[in-house]
Amino acid sequence: MNTHYDRNILIDYLHGALEPATDAAVFAHLEVCNDCRAARNEETAIADALRAFARETELELPSMVKARVWDAIRHEKPSLLERLRSRWAPALAVPVAAALALAAYFGTPIMRQPGPTGVAASFFLDEHNAEATQNPLGPGIVPASYSPADTTASASATYIDTADAATLDSADGAVR
């Protein structure tokens, strides 16, 4: 290959700052081009030397400078907003939390959609018929085919009044 990459592209390649397609092209080129590989190795050596020099010459701040910085941080006056927040935050937080708790407690039934609260009439009819079949002294079961104009059904049905039930003689079944 006669095309070589310049040092800026090689530095970007070393730092991983190239597009994936360009990165792959540079990688493939470095496999076959000795000149570009040598330039990359030089840049790697320079970067390693700079990192080593920075680690060796890293200085710690003198203790007096550190003490002054911490002293300035401690004695810095808070802003008006910070002072108000520190004074009023607990006094406001408790009533707001109480109001939210009350709203949640009392507001929950209001937010729910009420369902049907009545009882179907068929429940009462079924309950009455169930009691009538279990009670031999009850008024009896109204036949399903009963209508007020139907006299044959009412004549054939046996109805016993509770007042009459007290006068029944169990031995002969006669009413007294």
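Right above here is the structure, for reference.
Please read all numbers here as calculations on a predicted model, not as lab measurements.

A. Summary view of the overall build of the protein. Broken down by element type, the protein carries eight helices and zero strands. Element order for the protein, N to C, with α for helix and β for strand: α-α-α-α-α-α-α-α. Considering only intrachain contacts with a sequence separation of at least 6, the fraction spanning at least 24 residues in the protein is 38%. Accessible surface computed for the protein: about 14800 Å², of which carbon and sulfur atoms make up 62%.

B. Structural context of helix 2 (residues 20-32). With 13 residues, helix 2 should cover 18 Å at 1.5 Å per step; its first-to-last C-alpha distance of 19 Å lies within 8% of that length. Within the sequence span of helix 2, burial applies to Val-26, His-29 and Leu-30. One side of helix 2 holds all its buried residues, which, seen down the axis, span an arc of 100°. In helix 2, the exposed positions that point more than 90 degrees away from the buried face belong to Pro-20, Ala-21, Glu-31 and Val-32. Lining the buried residues of helix 2 we find helix 1 (7-15) and helix 3 (34-56).

C. Helix 3, seen in detail. With 23 residues, helix 3 ought to run about 33 Å at 1.5 Å a step, and its terminal C-alpha atoms sit 33 Å apart, in line with that. Burial in helix 3 covers these residues: Cys-36, Ala-39 and Glu-43. Considering only its buried residues, helix 3 is in contact with helix 1 and helix 2.

D. Structural view of the nonpolar core. One finds Leu-10, Tyr-13, Leu-18, Val-26, Leu-30, Cys-33, Cys-36 and Ala-39 forming the largest nonpolar core, which totals eight residues. Elements that contribute at least two residues to this core include exactly helix 1, helix 2 and helix 3. Look past the residues within four positions of Tyr-13 in its chain and what remains in contact with it is Leu-18, Asp-23, Val-26, Phe-27, Leu-30 and Arg-40.

What counts, and where the lines are drawn
- Residues numbered from 1 in each chain as written.
- Predicted model: local features only at pLDDT ≥ 70, side-chain atom pairs only at ≥ 80, totals over all residues.
- Heavy atoms only, no water.
- Helix = DSSP H or I, 4+ residues; strand = E, 2+ residues; numbered from the N terminus.
- Contact = heavy atoms within 4.5 Å.
- Areas by Shrake-Rupley, 256 points an atom, 1.4 Å probe, with all protein chains shown as cover.
- Expected span 1.5 Å × (residues − 1).
- Buried < 20%, exposed > 50% of the residue type's maximum accessible area, 1.4 Å probe, protein only.
- Arc of directions from axis to C-beta.
- Core = buried A, V, L, I, M, F, W, Y, C linked by side-chain atoms within 4.5 Å.

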